[in-house]
Amino acid sequence: MSKLLLLSIVVGLVVIPIWAAREPHPLRAMRLALLGLAVLHVGYALFARFVLPRIAA
Amino acid sequence: MSLHQVRQTLRISLARHRVSGALTLAVALATALVVRLALPETWRVQAEVVVAEPATLYRLTAPFDAVPRLDGDLAQLPELLTSKARLVALVKRTGLVDRWAATRSPLARLKDALVERVRGPMSDEDLLDALVAMVDQRLGVWVEGNKVFIACEWSDPQVARSMVEGTLVALQALRLERDVGALEAAARALDGQRAGVEAELRARLESVEQEQRAARAQGRWPNYAGAREQLRRDTGRASELWLEAANTHLRAEAMAKSARFRTLVTVPPRAPRRPEGPSPVQWALGLLVACLSSHLGGAVVSGLLGKRVLSDAQASAVTGVPVVASVTREWSGVMLPIAPRALLVVSLLGAASGAALALTRHPLGGLGPWLLVAAGWALWRLPLKWPLLGLLLLAVTVDDPTDRPYYNLWRSPLWPIGRVFFTNIAWFTGFELSLMGLGALTLLRRLAGRAEQTEAPGAQGPGPLRGALVLSFVTVCWLVVWGLARGGIFREALWQFRALAFLPLASLLALSAFRFPDDLRLLGRVLVVGSVVKALLGAYFMYGIAFPSGEYPPHTTGHNDTMVFVTGVVLALVRVWEWPSWRHLLQALLWLPVLALALKLNDRRIAYVDIAMALGFIYLVSPMHRAKRLLTQAIVAMIPVLLLYTAVGWNARGGLFKPVVKLRSIVAPTADSEEESSNVERDIENFNLLKSWERDMVFGQGFGHAFTEFIPSNDFSQSAFGHIGHNSVLWLLWIGGITGFFGLLLYLGLSAFFFARTLPVVQAPEERVALLVSMGIIITYLLQAFGDMGTQAMQLAFFVSIAVAIIGRLTSRYGRWSPAAIPLTQKNEPMLDGESSLA
């Protein structure tokens, strides 16, 4: 389970931009993709720092 | 340039620039003769020794001891025999310090005199150091099987022979010490133990006698207090020790007496009859080749530098009128005056040709500078895609010596090329240096205004994608500086960042070089050639070399080859999926068995995960069509059967259930299996990486550091002692923090973004296949990065760079990065390259 969660950043790196690309306007789509990726990175860091140790324990 | 033009240029150059040609010839001849006379001769002496293990003696004298392994000991011999202490002894033993001045050539003496005038006379210690360094360079010791070769090249044949003889003596002494020294030491220790026991024995006897005397005088029974039992035990122990020591002495003696039979000199060092290098006939031939090539090269270079009309094509370019007929002059034609600039250039090239002949001592050595000039000229004019395709072909076909090809049991014919391209030459590998060279060449050609002729026309990908690639490179540079500023070691950093730094460069080059869909077929052919060559070589090694000689290596091809095979499988299947035709089906049926063999020989579980994930992704993003509907229905119908098959075969060992066994080894390996142990090791490493990352989660540690081993692993050396993580994703997070990771891999996210924007509007099946396979490559790369050091292999990086280029170029082609882009739901025709896009 924790290994799958660790993999989430790899999945997010591909899925979030593909999801953002659905927005018709390219600049808005790009902004959405960059924002999504930034949120993914911050969220992953928080997950690795606070959540993962509890799951692993 | 056509053959006719080449002939015309050669003919006219030779006719009009005879003086330049003759002068170049003269310079080449003079340089070759001067360098030949000035350079000292080299004499080579070589000896060959067959070393045998005294297995019989070991078994006869000590049947219960393990026989030492010969290969391990032999592997250390070159290092032992060329250690500094031994080289100093060798120089002193051969009296090289005294003989040194007499063996110098006139040119070397002149150099010595000049150096002495500037720096003053050299002290004996400095001379000894210099000679030791020289011997270190010129004395070679290497091992092949059970043979040891010793060779020395020197300017004096007697010195060369003395060096080899001295090393031979040292080798025999080392072997004797290794076979006999330990036994004699053991025998001496046993003698010492026996002497101690005997001394105790005597002391105890004396005390017994004293007690007897005292008891007799006092009229009582003697009280020995267990001394008699101790005496009995000591007597037995002394006898055992004596026997053991005598046996060990005998073994040492037997080893010493038989030593000369175990280091058998099969080729003794003899003074050579003639120096190294070509024979007089070869010399004459070499001079002829150098002179002819210099004459021709001098004339042609003069002609090209003179900018005079040499061919019909030039005439047409100058006049703007096509040449319809020409008058052929006789050989004596019009001669042109010599231009000083051209004269200087051809003289230098002629001198280089002569020097190359004398220095390389090869009959064709004189051709070298002219070939280099021709290659440089061709590279300057060649479109960028050809050298890039050449590099891709090398990446997918040749062996990477750092990846343990063929389990290091065999070297394929492609191994020497692989050694040049994948091992360090000057800080970087040949492959990396080639990429750097191509980058510099592209920059120079742009500055010289030749980009249009050598790069693919049209927009070179969307601006944000190119920006993300530049950002990735800048982030690598920043993390190197950041890491070194925090106490990192550059030597370690170099290993960590090189593939990451070259990936953006290769991607930018590929974006400039290729035009899609025109070049897709070429890329596909390279992939087919690479995968087939690897599979056939692997099969030959396994069934023709390894099995017959009793070796059963678990894999043949290396880790980096997985990407070739996975991409091949995905390409073969996606072509049928997106572009169904009998031809593509037949091609897939021919190619897939070869790829299946290659995957079997590659023996990596992650390859099957990569294929499943890439195909699963392609299935998900494909629109619903007939084939997808049929496949979906088939999968739904097969689910109960598949579940039953998996459940029945869960505890099976192979046979019909081999796929289930493979699946279980990935998902839930059995306890105490190799896979389970590997998974545990990786879990420990991941924990250590995550804990190390906690120190600076935003900016990371930078390159040049090792992660901390909070929980010790069984084999820390597998991660280069913490410098490389198997899980490249966590490893990069530790190195760069979330900011560095974002900067490093943003281009992959943006590639997925542009893929998703472009795919829905692409109708041409070959472009759809290219886009889907490119995304499959990116997914494979990310999974390899998560699973097993995917970011560290240059071959993988090169594949990703091609995938990024395909996505970027097709995005520009369809104008998908444009504020005016048509909504995604509407199918549109491709725009002209880059038209009205932001790229």
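Up top is the structure.
Please read all numbers here as calculations on a predicted model, not as lab measurements.

Focus: the overall build of chain B
Assigned secondary structure in chain B consists of 30 helices and 6 strands. Radius of gyration (C-alpha) of chain B: 37 Å, far over the 28 Å computed for a compact globule of 839 residues. Burial analysis of chain B (839 residues in total) assigns 47% to the buried set. Looking at chain B alone, contacts between residues at least 24 apart form 77% of all its contacts between residues at least 6 apart. Accessible surface computed for chain B: about 42,300 Å², of which carbon and sulfur atoms make up 63%.

Brief notes about the interface of chain B and chain A
Contact residues are listed per partner, giving 36 residues for chain B and 30 residues for chain A. At the boundary of chain B with chain A, total buried surface from both sides reaches about 2,700 Å², with 83% on carbon and sulfur atoms. When the area that chain B buries against chain A is broken down by residue, the three leading residues are F742, F753 and F786 of chain B, summing to 19%. The tally of links from chain B across to chain A stands at 1 salt bridge. R49 of chain A is the partner of E694 of chain B in a salt bridge, and the nearest nitrogen-oxygen pair spans 3.8 Å. Taken together, the links from chain B to chain A amount to 3 residue pairs in polar contact (both at pLDDT 80 or more). No other element matches helix 28 (residues 728–758) of chain B, which puts 17 residues into the side of chain B that touches chain A. Here the residues of the side of chain B that touches chain A are counted per class, giving 28 nonpolar, 4 polar and 4 charged.

Things to note about a nonpolar patch on the surface
Taken together, the side chains of M1, V42, L46, F50, V51 and I55 of chain A present a nonpolar region at the surface, about 590 Å² in accessible area. The exposure class assigned to V42 of chain A is partly exposed, which follows from its relative accessible area of 42%.

Some points on unusual backbone geometry
Residue and element names in this part refer to chain B. Note the cis peptide between F516 and P517, where omega equals 15°. Residue placement: P517 occurs in the loop between helix 20 (490–513) and helix 21 (520–546). Here the phi dihedral of R361 falls at roughly 55°; this positive angle occurs in a residue that is not glycine. Examined against the element boundaries, R361 turns out to sit in the loop between helix 13 (340–360) and helix 14 (368–381). The backbone of D603 shows a phi angle near 50°, a positive value even though the residue is not glycine. Mapping D603 onto the fold places it in the loop between helix 23 (582–602) and helix 24 (605–621).

Remarks on the nonpolar core
L388, L435, W693, F703, Y747 and F755 of chain B are the most contacted members of the largest nonpolar core, which has 151 residues in total. Of the residues forming this core, the biggest block, 20 residues, is contributed by helix 28 of chain B. Looking at which domains feed residues into this core, each of domain 1 (3–39 + 278–324 + 333–433) and domain 3 (434–447 + 459–813) of chain B supplies at least three. With residues up to four places along the chain from it excluded, the contact list for F755 of chain B reads I18 of chain A together with F617, V621, P760, L771, L772, M775 and I807 of chain B. With 33 residues, the next largest nonpolar core counts V45, W100, M134 and L174 of chain B among its residues.

Some words on the packing of aromatic side chains
Residues and elements named next belong to chain B. In the structure shown here, the tally under the stated rule is 22 aromatic pairs over all chains. Between the aromatic rings of Y406 and W410, the centroid separation amounts to 4.9 Å while the plane-to-plane angle is 70°, which identifies the pairing as edge-to-face. By the burial criterion, Y406 is buried, and W410 matches it. For the ring pair F753 and F754, a centre distance of 5.1 Å and an interplane angle of 80° mean the geometry is edge-to-face. Side by side, F753 and F754 carry an identical accessibility label, which is buried. Positioned over the ring face of W154 is R138, at 5.2 Å from the centre of the ring. Over the ring of W415 we find R411; its NZ or CZ atom is 3.8 Å from the centre of that ring.

Digging into the sheet that holds strand 1 (residues 43–51) of chain B
All names here are of chain B. The sheet built from 4 strands is open, its strands ordered 2-3-1-4 with antiparallel pairing. A single partner strand is all that each edge strand has here, and the edge strands are strand 2 (139–144) and strand 4 (263–267). The sheet shows a mean angle of 25° between the axes of neighbouring strands, direction not considered. Pairing of strand 1 with strand 4 involves 4 bridges; the strand directions are antiparallel. Directly across from V49, in strand 4, lies its bridge partner V265. Packing against the sheet, helix 8 (residues 124–138) makes contact with strand 2 and strand 3 (147–154), and its axis sits at approximately 125° to strand 3. Each of strand 1 and strand 4 touches helix 10 (residues 227–262); the most contacted strand, strand 4, lies at about 20° to it.

As for the environment of P760 of chain B
All names here are of chain B. When you line up the elements, P760 lands in the loop between helix 28 and helix 29 (765–787). A residue is classified by how much of its surface remains accessible, and P760, at 36% relative accessible area, is partly exposed. Separated by 137 residues in the primary sequence, P760 and P623 place their C-alpha atoms 8.7 Å from one another.

Remarks on helix 29 of chain B
Residues and elements named next belong to chain B. Compared with the 33 Å implied by 1.5 Å per residue over 23 residues, the 32 Å span of helix 29 between its first and last C-alpha is a close match. By the criterion of burial, helix 29 is predominantly enclosed, with 20 of the 23 residues buried. M789 sits one or two positions beyond helix 29 and adopts a positive phi of about 55°.

Examining the pairing of strand 1 of chain B
Direction of pairing for strand 1 of chain B relative to strand 3 of chain B: antiparallel, over a ladder of 8 bridges. From the neighbouring strand, W43 of chain B faces strand 3 of chain B, where its bridge partner is W154 of chain B.

Quick notes on the side chain of S302 of chain B
Residues and elements named next belong to chain B. By the secondary structure assignment, S302 is in helix 11 (residues 280–306). On the accessibility criterion, S302 (2% relative accessible area) is buried. At a separation of 2.8 Å, a polar atom in the side chain of S302 contacts the main-chain carbonyl oxygen of G298. Apart from residues no more than four positions distant in its own chain, S302 is found in contact with H17, S20, A342 and V346.

Focus on helix 13 of chain B
All names here are of chain B. If you check helix 13, its first and last C-alpha atoms are 30 Å apart, about what 21 residues at 1.5 Å a residue would give, namely 30 Å. Those residues of helix 13 lying buried are A342, V346, L349, G350, S353, G354, A355, A356, L357 and A358. Those residues of helix 13 that are buried are in contact with helix 2 (18–38), helix 11 and helix 14. Looking one or two residues past helix 13, R361 carries a phi angle of roughly 55°, positive in sign.

Observations concerning a negative patch on the surface
Residues and elements named next belong to chain B. Together, D98, D124, E125, D126 and D129 make up a region of like negative charge exposed at the surface. Ranked by residue count, the leading element in the negative patch is helix 8, at 4 residues. For E125, a relative accessible area of 65% puts it in the exposed group.

Concerning the environment of A378 of chain B
Structurally, the position occupied by A378 of chain B is in helix 14. With 233 residues separating them along the chain, A378 of chain B and G145 of chain B place their C-alpha atoms 44 Å apart.

Focus on the pattern of salt bridges
By the definition in use, this model includes 21 salt bridges over all chains. Residues R194 of chain B and E198 of chain B are paired through a salt bridge, measuring 3.1 Å at the closest nitrogen-oxygen approach. Separated by 4 residues within a single helix, R194 of chain B and E198 of chain B lie in helix 9 (residues 157–218), roughly one turn from each other. Here R237 of chain B makes a salt bridge to E240 of chain B, at a shortest N to O gap of 3.4 Å. Of this pair, R237 of chain B and E240 of chain B both sit in helix 10, separated by 3 residues, roughly a single helical turn. Using a relative accessible area of 34% as the deciding quantity, one classes R237 of chain B as partly exposed. Exposure remark for E240 of chain B: the relative accessible area of 47% places this residue in the partly exposed category. Counted as one network, the salt bridges with shared partners bring together R49 of chain A together with K691 and E694 of chain B.

Cut-offs used in this document
- Residues numbered from 1 in each chain as written.
- Chains lettered and ligands numbered in written order.
- Predicted model: local features only at pLDDT ≥ 70, side-chain atom pairs only at ≥ 80, totals over all residues.
- Heavy atoms only, no water.
- Helix = DSSP H or I, 4+ residues; strand = E, 2+ residues; numbered from the N terminus.
- Rg over C-alpha atoms; globule rule 2.2 N^0.38 Å.
- Buried < 20%, exposed > 50% of the residue type's maximum accessible area, 1.4 Å probe, protein only.
- Contact = heavy atoms within 4.5 Å.
- Areas by Shrake-Rupley, 256 points an atom, 1.4 Å probe, with all protein chains shown as cover.
- Buried area = accessible area lost by both parts, 1.4 Å probe.
- Salt bridge = Lys/Arg side-chain N within 4 Å of Asp/Glu carboxyl O.
- Polar contact = N/O pair within 3.5 Å; in protein donor to acceptor, adjacent residues only side chain to side chain.
- Nonpolar A, V, L, I, M, F, W, Y, C, P; charged D, E, K, R; others polar.
- Patch = residues over 30% accessible without salt bridge, like charges linked within 9 Å, V, L, I, M, F, W, Y side chains within 5 Å.
- Core = buried A, V, L, I, M, F, W, Y, C linked by side-chain atoms within 4.5 Å.
- Domains from an automatic or database assignment.
- Phe/Tyr/Trp six-rings, centres within 6.5 Å; stacked < 30°, edge-to-face > 60°.
- Lys NZ or Arg CZ within 6 Å of the ring centre and 35° of its normal.
- Pairing = 2+ DSSP bridges.
- Axes fitted to C-alpha atoms, helices over the stretch in contact; angles between N-to-C directions.
- Expected span 1.5 Å × (residues − 1).
- Lys, Arg positive; Asp, Glu negative; His and termini not counted.
- Charge placed at Lys NZ, Arg CZ, Asp CG, Glu CD.

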